[in-house]
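Next come the chains, spelled out residue by residue.
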Amino acid sequence: MLVTKIPFLLIGSIVCASDYATSKHMLTTFDSSPENVSAIAGKTAILPCTVDLSNLDPTKEITWMSPKNILISIGDRRIIDDTRMSIERPQIPDWNLHIRELEPYDRGIYICSLNTRPMMTKNVYLEVYVTPIISSEKENTHQNLREGETANLTCNATGFPEPTITWYRVSEMDKEAIGRQGSYLMIHNITRYCGGTYTCHAFNGIGPAVSKVFSINVYFQPEVQVLNKRQQQDTGKETILQCEISASPQAIVNWRKGEHVFSANNYQRITPEIYKKDIYTTVLLLRIQNLTWSDFGEYVCEASNSLGRDLETMHLYPINGIHVTAKPASSISDSNTFIFNFSSGNGKVPFPSEVSPIVQIKLSKSTGLNYDDQEAEGTASTVHTQRSVIMVTVFLVAFHVRYL
C-alpha cells in the first residue's frame, strides 16, 4: 500500500515539477513586452509577436484580438472577415499580424496571447497617421469683388496629427507668407492691391504639404490719367499723345477729338496704339504723323466698363506760327461771313492787348474774300473797313512779323 502510494506521490511530484519547468521556459520564449507601431493610412502595418512553440504542447496556440475585442486569428488561421489582415511567419517563432491598406479606424491596442495558465499576452498599440487632405469644395475658390467689400477664404483640412494651415499670397516671382494660420482668411475693405492669387498650405509632418489655390478679382470703375495735359509740336512732324487707364474689368478705351473717335488702322495718318502696363493698367497712345493745322486742339482720352466711365482732356499746340481756325459767325445773319481765330503755338495771343485776335471775314461774289471788321477786346469801338484778299493776307503777315 505504502509502496504503491510512494510512486504515485513521486509521479505527482515529477508532473508538477515538469509543468513548472515548462512555464519557466516559456517566460524566456514569449516576448510579452508592449510595443508601439505606427504607420500611415493606406500603407501596411506589421504588429510583431514572437513565441517559440517548438517545445510546447501542440494544443498551445497563438491568438490575436482587435481593439474591439474581436478575435482576429487562431494560430495562423484568420478568423475575422477582413481580408486586409493575415498572420505572417517570416521565421518559425514569428506570429506577426499584417494589416494592409490601413484606415484611421484601425488605430488601437491589439493583443497577442498564448493560451497557457496563466494566459500570456503582449499588447501592441497601433497608431495610424493620416496625411493632410484639403476639402475639394470649390464654392469660394474664385471670387469677384468690388473695392470695399470683404473676401472670405475657407481652407478645411483633415489629417492626423491635426494639420497646421498657413496662408500665402502668390506673385509671378515668389510667394509671401501672410502670417495668418487657421482655416479662414478674411480680407476686409478690399482694394485692387489685394487682388490676385492666394494659397493655403496644410502640413502635419506626415508626407508633403498639400495646398489649395484661390483667385480674387477686385473690380472698380475706370480711372483715366493724362500724363501731359499741354503738348507742343511743329507742323509736318510726328507726335504721340499718351494716357493711362486703370480699370477692372477691362475698360473700353479710345481717343477722340470733338465727336471723331480714332480707330486703329495702319493706313491712316492718325492711329491709336494700346499696351498692357500691369494687371489693371492700360497705356493708350495716339500717334499723329505729318502734323497739320487741323490736328491742333483739344483731345479726349476716355474709358468705360460695367461700373462706370471716366475721361481726361489734353491740348495739342503748335510750337511756332499762328494757328488759324474758322467757323460760321452764328451771331451774323449773312451765311457768307466767317470768324477766324488766330492764336500762337504756345497758346498765348500774338496780338497786342488792346486788339482781339478775332477777325471777321466776309465772302463777296465780286471780289471773293473781304476783310469786314476787327473788334477791339475790352472796348466798344469797332473799326469798319473793307479790303481785298491780298490786303487781308498782307495785314496778317505784318501782324505776325511785328508781334511774334
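As recorded by an unreviewed UniProt entry, the protein chain carries the name Limbic system-associated membrane protein-like isoform X2 and is attributed to Crassostrea virginica.

**Student:** Sorry, what's going on with the overall build of the protein chain here?
**Tutor:** In terms of regular secondary structure, the protein chain is built from 2 helices and 30 strands. Intrachain contacts of the protein chain at a sequence separation of at least 6 include 56% that bridge at least 24 residues. Accessible surface, the protein chain as shown: approximately 24,200 Å² in total, 54% of it carbon and sulfur.

**Student:** Quick question: what am I supposed to make of the layout of surface pockets here?
**Tutor:** Any empty space left between atoms is shown by rolling a water-sized probe over those atoms. Estimates place the volume of the largest pocket at around 370 Å³. Every residue lining the largest pocket is counted, 16 residues in all, and those nearest its centre are R169, R192, G195, I279 and Y280. Split into classes, the residues belonging to the lining of the largest pocket amount to 5 nonpolar, 5 polar and 6 charged.

**Student:** So what exactly am I meant to see when it comes to the confidence of the model for the protein chain here?
**Tutor:** Reading predicted coordinates in detail is not appropriate for stretches of low pLDDT. Here the protein chain averages 78 in pLDDT, and 72% of its residues register 70 or above. Confidence over residues 1-28 falls short of pLDDT 50; this stretch has 7 contacts with residues more than four positions distant or in other chains. Below a pLDDT of 50 lies the segment residues 342-404, which in the model reaches 110 contacts outside its immediate sequence neighbourhood of four places, other chains included.

**Student:** Explain the sheet that holds strand β21 (residues 260-261) to me, please; I cannot follow it from the model alone.
**Tutor:** Sheets are built from strands paired through backbone hydrogen bonds, the pairs being either parallel or antiparallel. Taken in spatial order, the 5 strands of this open sheet run β18-β25-β24-β20-β21, and their pairing is mixed. The open sheet has two edge strands with one neighbour each: β18 (230-233) and β21. One ladder, built from 4 bridges, connects β18 with strand β25 (residues 308-318); its direction is parallel. Of the residues in β25, the one forming a bridge with R230 is H315.

**Student:** Hey, could you run me through the pairing of strand β10 (residues 142-146) in this one?
**Tutor:** Looking along a regular strand, one sees the side chains alternate between the two faces of the sheet. Here β10 shows a buried face lined by Q143 and L145 and an unburied face lined by H142, N144 and R146. Direction of pairing for β10 relative to strand β17 (residues 210-226): parallel, over a ladder of 5 bridges. Bridge assignment links Q143 to a residue of β17, and that residue is I216.

**Student:** I would appreciate a short explanation of the packing of aromatic side chains in the present structure.
**Tutor:** Where two aromatic rings form a pair, the distance of their centres and the angle of their planes describe that pair. All told, the structure shown has 5 aromatic pairs when counted by the stated rule. Between Y129 and F160, the aromatic rings sit 6.1 Å apart at their centres with planes inclined by 15 degrees, giving stacked as the arrangement. Of this pair, Y129 sits in strand β9 (residues 120-134) while F160 sits in strand β12 (residues 157-160), placing them 31 residues apart in sequence. In this structure Y129 comes out as partly exposed when scored by relative accessible area, which is 26%. Taking the centre distance of 6.2 Å and the plane angle of 25 degrees together, the rings of F262 and Y299 count as stacked. Residue F262 is located in the loop between β21 and β22 (270-276), and its partner Y299 is located in strand β24 (residues 297-305); the two are separated by 37 residues in the primary sequence. Assessed through its relative accessible area of 9%, F262 is described here as buried. Its end group placed over the ring of W95, R89 keeps NZ or CZ at 3.7 Å from the ring centre. Above the face of the F220 ring, R192 is positioned so that its terminal group lies 3.6 Å from the ring centre.

**Student:** When you look at the nonpolar core in this model, what are you seeing that I'm missing?
**Tutor:** Within soluble globular proteins, side chains that are nonpolar tend to cluster in buried spots. In terms of nonpolar packing, the biggest core is built from 24 residues, with L47, W64, L97, I99, Y110 and L126 touching the most fellow members. Broken down by secondary-structure element, the contributors of at least two residues to this core are β1 (35-40), β2 (45-47), β3 (62-65), β6 (85-88), β7 (96-99), β8 (108-114) and β9. Ranked by size, the runner-up nonpolar core spans 21 residues in total, among them C243, A251, L286 and M314.

**Student:** Please clarify how the pattern of salt bridges should be interpreted in this entry.
**Tutor:** Side-chain pairs of opposite charge can arise whenever the charged atoms involved come near each other. A full pass over the atoms with the stated rule returns 15 salt bridges. Between E312 and K229 there is a salt bridge; the shortest N-O distance is 2.4 Å. With a gap of 83 residues between them, E312 in strand β25 and K229 in the loop between β17 and β18 connect regions that are remote in the sequence. A relative accessible area of 24% places E312 in the partly exposed class. For K277, the salt bridge is made with E244, and the minimal N-O distance between the two is 3.1 Å. In this pair, K277 sits in the loop between β22 and β23 (281-288) while E244 sits in strand β19 (residues 239-248), placing the two residues 33 residues apart along the sequence. Overlapping salt bridges, with partners in common, bring together D31, E35 and K122 in one network.

**Student:** What is the right way to read empty space enclosed by the protein from this model?
**Tutor:** Tallying each qualifying case throughout the model produces 1 cavity of 30 Å³ or more. Roughly 40 Å³ of internal volume is contained in the largest cavity. Lining the largest cavity, in full, are I245, A247, Q250, A251, V253, K276, Y280 and T282.

The rules behind each value
- Residues numbered from 1 in each chain as written.
- Predicted model: local features only at pLDDT ≥ 70, side-chain atom pairs only at ≥ 80, totals over all residues.
- Heavy atoms only, no water.
- Helix = DSSP H or I, 4+ residues; strand = E, 2+ residues; numbered from the N terminus.
- Contact = heavy atoms within 4.5 Å.
- Areas by Shrake-Rupley, 256 points an atom, 1.4 Å probe, with all protein chains shown as cover.
- 1 Å grid on protein atoms, 1.4 Å probe; cavity = no way out; pocket = protein on both sides within 12 Å on 5 of 7 lines; lining within 4 Å.
- Points joined across faces, edges and corners; volume = space filled by probe spheres on them.
- Nonpolar A, V, L, I, M, F, W, Y, C, P; charged D, E, K, R; others polar.
- pLDDT = per-residue confidence, 0-100.
- Pairing = 2+ DSSP bridges.
- Buried < 20%, exposed > 50% of the residue type's maximum accessible area, 1.4 Å probe, protein only.
- Phe/Tyr/Trp six-rings, centres within 6.5 Å; stacked < 30°, edge-to-face > 60°.
- Lys NZ or Arg CZ within 6 Å of the ring centre and 35° of its normal.
- Core = buried A, V, L, I, M, F, W, Y, C linked by side-chain atoms within 4.5 Å.
- Salt bridge = Lys/Arg side-chain N within 4 Å of Asp/Glu carboxyl O.

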